[in-house]
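Results of the structural survey
Read off the chains here:
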Amino acid sequence: MSYKTALLGAAAVCLVLPGAAQDSNSGENRLEAITVEGSRLNQTEAEIGSSVSIITAEDLEKLDFDFVLDAVASAPGVTINQNGSYGGAASVRIRGASTGQTLVLIDGVPVGDPSLTDGSFNFAFLDTSDIERIEVLKGPQSVLWGSDAIGGVVSVTTKDAEERLGGSAFAEYGSFNTLRGGASVGNANETGDFRLSASGISTDGISKADEANGNNEDDGYDATTLSAKGGLNLPSDTRLEASLLWNDAEADYDSYVFGAQGSVGDGDESTKNETLSGNITLKAPLFDKRFENLLMIGYSDISRENFTNGASSYSADGDRQIYRYQGTFTIDDRNKLSFGAEHEDTSADGQDSSIDGYFALYEVKPVEALTLTGGIRLDDHDKFGSETTGRIAAAYQPTEQIVMRASWGQGFKAPSIFQSTYICTFCGLTEPNADLKPETSEAFDIGIDWTSEDGRASAGITYFDQDTENMIDFSYTAGYDNIALVKSKGVELVGSYELTNWLGIAANYAYIDAEDGNGNPLYRMPENSGDVTVSLDPEGPFSGAVLVRYNGDETNTDGTTLDGWTRVDLTGGYDLTDRIELYGRIENLFDEDYQQVLGYGTPGLSGSVGIRLRY
């Protein structure tokens, strides 16, 4: 509780003081560089050397995504699975890695739930209304971000204030009696900046268990999200920042039914989920800004409680505290060194663990067109010992139109608190598996990106290959044990073309060949997936987009095949004035009947209309 109090207090200081001054001329000291923040070296996409997908606030608004889950699905190589819409448990997997091997950051703070079996993050409740950008870094990123980043990183950054006093509001109504709305206000000036926002959604929903199987009971969903973000500009270009994100959600779900498809059917079940994350950060540049120093204290807490027939049936609570220092020294125009240390404490339901990490990164540009990056990291876990990981990357830009890139990296993930403390009593065991070891991975990718001279066309291709060893899975002889091996390789393609100055098309495709150690395809992992987006923005008040999303056949956990599907969504907006916009969305235009997870239904033809105000 003391961490929550400290974060709230720091946020109040950073938010109230800037609001007292109404000079709208500045905001100049706010960090606004367009970089890949997850690189930890402020590298651009042309310098990072590895594959990354960036989804901006503009993308989120154009395609009218309500949830971050739907947005990250647009990145090639990313697979999502959700146990029914509107609050169903949701996972994100990158290039065949499991959901617990995807590190999720919100404003730099790890938010995986320590009380879950694999310590993963449930994407079901994260709304997009306050999101500025989402970065998806693919492949092992443990050198940059430590344990859990064995398959990749999803880094979510919330919105900053604009350089004037103002804000926005929206309200929309749609199918299934769905009401969603929110508002924000912020300001930036010489003293600092602040932004406050609130949003909510309420819906009757649809049955989590597929209605096609006779399940007619709707499962509702309600959620509220509050966020606060601000900063104080101190002398000598020093800056103090704080951010908070709080979400409270309640979702109905269905019950275990023996013999039903997917073993799920109508039932009186619900879950309440409360999530809080935040950080306090001090940025202090020295030596004419050549030596940047960052100190951060971060905190995340997730509380869950399940109910059956109105009575509490299960509860869990997990939290993380992270302490981080990073120093970045620009030696000259061609050499940059970054180094740092992190300490993370994790607890869940009376159990705890801690890990210390020490890392160093070096960037060198032997010539103007070539960027080489190398890094090493040592992580020391209080229960599972030390692990050293490495990473190298190269990016070469022989012309302004071409970027060639390659990277190699290692990853590791310490067993979760649940995995390391679980006693399988029905297996005849009396203690946890004392021989459990961390999962490890090694991967490389290589690719090339091209942009036409006039900037109207672009294309890119990436090949990747990743091996993960000591995968932790359930075993009837040891509870949780290192029994699995995963090999994945594949190709990612992206391309776009501006047909006219108001009409454009973009597409991406991923082929993922992911197998376990016995050569069997991974469960719930399509070999083929992709998106096609057509965007229209003619002169005048109208704009719109068409999104076609394809997900190929998948292998179910029972060995059967889940059919692939294609869904078409339409979005459109109409500017009544330069500050007021009407917008709408039609989902699943052709009423495709499909499942993401065996037994769980998805919405058919549906839609919504709304109004957006900027002030």
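What you are looking at is a predicted structure, and each value in this text was computed from that prediction instead of being measured.

This part is about the overall build of the protein. Looking only at helices and strands, the protein has 6 helices and 31 strands in total. For 615 residues, the compact-globule formula gives about 25 Å, and the C-alpha radius of gyration of the protein, at 24 Å, lands near that figure. Evaluated residue by residue, the protein yields a buried proportion of 52% over its 615 residues. Within the protein, counting contacts between residues at least 6 apart in sequence, those at least 24 apart form 61% of the total. Of the roughly 26,300 Å² of accessible surface on the protein, 54% is carried by carbon and sulfur atoms. Charge-centre separation for the protein: the mean point of 41 positive side chains lies 5 Å from the mean point of 98 negative side chains.

Let us now look at the environment of Ala89. Of note, Ala89 is situated in the loop between β2 (78–82) and β3 (90–94). Classification of Ala89 as partly exposed rests on a relative accessible area of 43%. Residues Ala89 and Ala251, 162 residues apart in the sequence, show an inter-C-alpha distance of 9.8 Å. If near-sequence neighbours (up to four positions away) are discounted, Ala89 is found in contact with Asn81, Gln82, Asn83 and Asn122.

Let us now look at the nonpolar core. Formed by 38 residues in total, the largest nonpolar core has its most connected members in Val92, Phe123, Ile134, Val154 and Tyr221. Here this core gets 4 residues from one element, more than from any other, and that element is helix α4 (residues 68–72). In terms of nonpolar packing, the next biggest core, distinct from the first, is built from 14 residues, Val52, Leu103, Val143 and Leu361 among them.

As a further point, take the sheet that holds strand β7 (residues 152–158). Spatially, β1-β6-β7-β4-β5 is the arrangement adopted by the 5 strands of the open sheet, whose pairing is mixed. Edge positions in the sheet fall to β1 (52–56) and β5 (109–110), since each has one partner strand and no second. With 5 bridges connecting them, β1 and strand β6 (residues 131–138) associate as antiparallel partners. Each residue of the ladder has a partner; that of Ile55, found in β6, is Ile134.

Take the packing of aromatic side chains next. Under the definition given, this model contains 18 aromatic pairs. Arranged with centres 5.5 Å apart and planes meeting at 75°, the rings of Tyr422 and Tyr480 form a pair that is edge-to-face. One end of the pair, Tyr422, is in the loop between α6 (417–421) and β21 (439–451); the other, Tyr480, is in strand β23 (residues 479–498), with 58 residues separating them in the sequence. Just above the ring of Trp145 sits the side chain of Arg40; from NZ or CZ to the centre is 4.2 Å. Sitting over the face of the ring of Tyr583, Arg612 holds its NZ or CZ atom 4.1 Å from the ring centroid.

With that settled, consider a nonpolar patch on the surface. Together, Leu165, Val185, Leu196, Leu613 and Tyr615 make up a nonpolar patch on the protein surface, roughly 380 Å² of accessible area in all. Structurally, the position occupied by Leu196 is in strand β10 (residues 192–203). Classification of Leu196 as partly exposed rests on a relative accessible area of 35%.

Take the pairing of strand β24 (residues 503–516) next. Relative to β24, β23 runs antiparallel, the two sharing 13 bridges. Following the sheet pairing, Val486 is matched in β24 by Asp516. In this antiparallel pair of consecutive strands, β23 and β24, the connection spans 4 residues. Pairing of β24 with strand β25 (residues 528–536) involves 9 bridges; the strand directions are antiparallel. By the bridge assignment, Ile505 is partnered in β25 with Val534.

Right, let's talk about the environment of Phe474 for a bit. Among the secondary structure elements, Phe474 is positioned in strand β22 (residues 457–475). In this structure Phe474 comes out as partly exposed when scored by relative accessible area, which is 26%. Along the primary structure Phe474 and Ala209 are separated by 265 residues, whereas in three dimensions their C-alpha atoms are 26 Å apart. The contact partners of Phe474, leaving out residues within four places of it in the chain, are Tyr422, Cys424, Phe426, Cys427, Gly479, Tyr480 and Ile483.

The subject of this paragraph is the pattern of salt bridges. Scanning the model with the defined rule gives 36 salt bridges in all. With a shortest N-O distance of 2.6 Å, Arg133 and Glu135 are connected by a salt bridge. Both residues of the pair, Arg133 and Glu135, belong to the buried class. One salt-bridge network, in which partners are shared between bridges, spans Asp64, Asp66, Asp127, Glu172, Arg180, Arg585 and Glu587.

For the rest of this paragraph, the subject is a negative patch on the surface. Judged by side-chain charge, Asp204, Glu211, Glu217, Asp218, Asp222, Asp248, Glu250, Asp266, Asp268 and Glu274 come together as a negatively charged surface patch. When contributions to the negative patch are tallied by element, the ones reaching two or more residues are β12 (239–256) and β13 (264–283). For the negative patch, the element with the highest residue contribution is β13, accounting for 3 residues. Looking at where Asp204 falls in the secondary structure, it is placed in the loop between β10 and β11 (221–233). The class of Asp204 is partly exposed, set by a relative accessible area of 40%.

Its location among the elements puts Asp473 in strand β22. With relative accessibility at 42%, the residue Asp473 sits in the partly exposed group. A C-alpha to C-alpha distance of 9.6 Å links Asp473 and Asp118, two positions 355 residues apart in sequence. Beyond its immediate chain neighbours, meaning those up to four positions away, Asp473 contacts Gly479, Tyr480, Asp481 and Ile483.

On to the confidence of the model for the protein, then. Here the protein averages 93 in pLDDT, and 94% of its residues register 70 or above. Taken together, the stretch residues 1–33 has pLDDT below 50 and engages in 73 contacts with residues farther than four places along the chain or on a different chain.

Of note in this structure, Asp148 is not a glycine but carries a positive phi near 85°. With respect to the helices and strands, the residue Asp148 is situated in the loop between α5 (142–145) and β7. Despite not being glycine, Phe176 has its phi angle at roughly 65°, a positive value. Along the polypeptide, Phe176 turns up in the loop between β8 (166–174) and β9 (178–188).

Definitions and cut-offs
Residues numbered from 1 in each chain as written. Predicted model: local features only at pLDDT ≥ 70, side-chain atom pairs only at ≥ 80, totals over all residues. Heavy atoms only, no water. Helix = DSSP H or I, 4+ residues; strand = E, 2+ residues; numbered from the N terminus. Rg over C-alpha atoms; globule rule 2.2 N^0.38 Å. Buried < 20%, exposed > 50% of the residue type's maximum accessible area, 1.4 Å probe, protein only. Contact = heavy atoms within 4.5 Å. Areas by Shrake-Rupley, 256 points an atom, 1.4 Å probe, with all protein chains shown as cover. Lys, Arg positive; Asp, Glu negative; His and termini not counted. Charge placed at Lys NZ, Arg CZ, Asp CG, Glu CD. Core = buried A, V, L, I, M, F, W, Y, C linked by side-chain atoms within 4.5 Å. Pairing = 2+ DSSP bridges. Phe/Tyr/Trp six-rings, centres within 6.5 Å; stacked < 30°, edge-to-face > 60°. Lys NZ or Arg CZ within 6 Å of the ring centre and 35° of its normal. Patch = residues over 30% accessible without salt bridge, like charges linked within 9 Å, V, L, I, M, F, W, Y side chains within 5 Å. Salt bridge = Lys/Arg side-chain N within 4 Å of Asp/Glu carboxyl O. pLDDT = per-residue confidence, 0-100.

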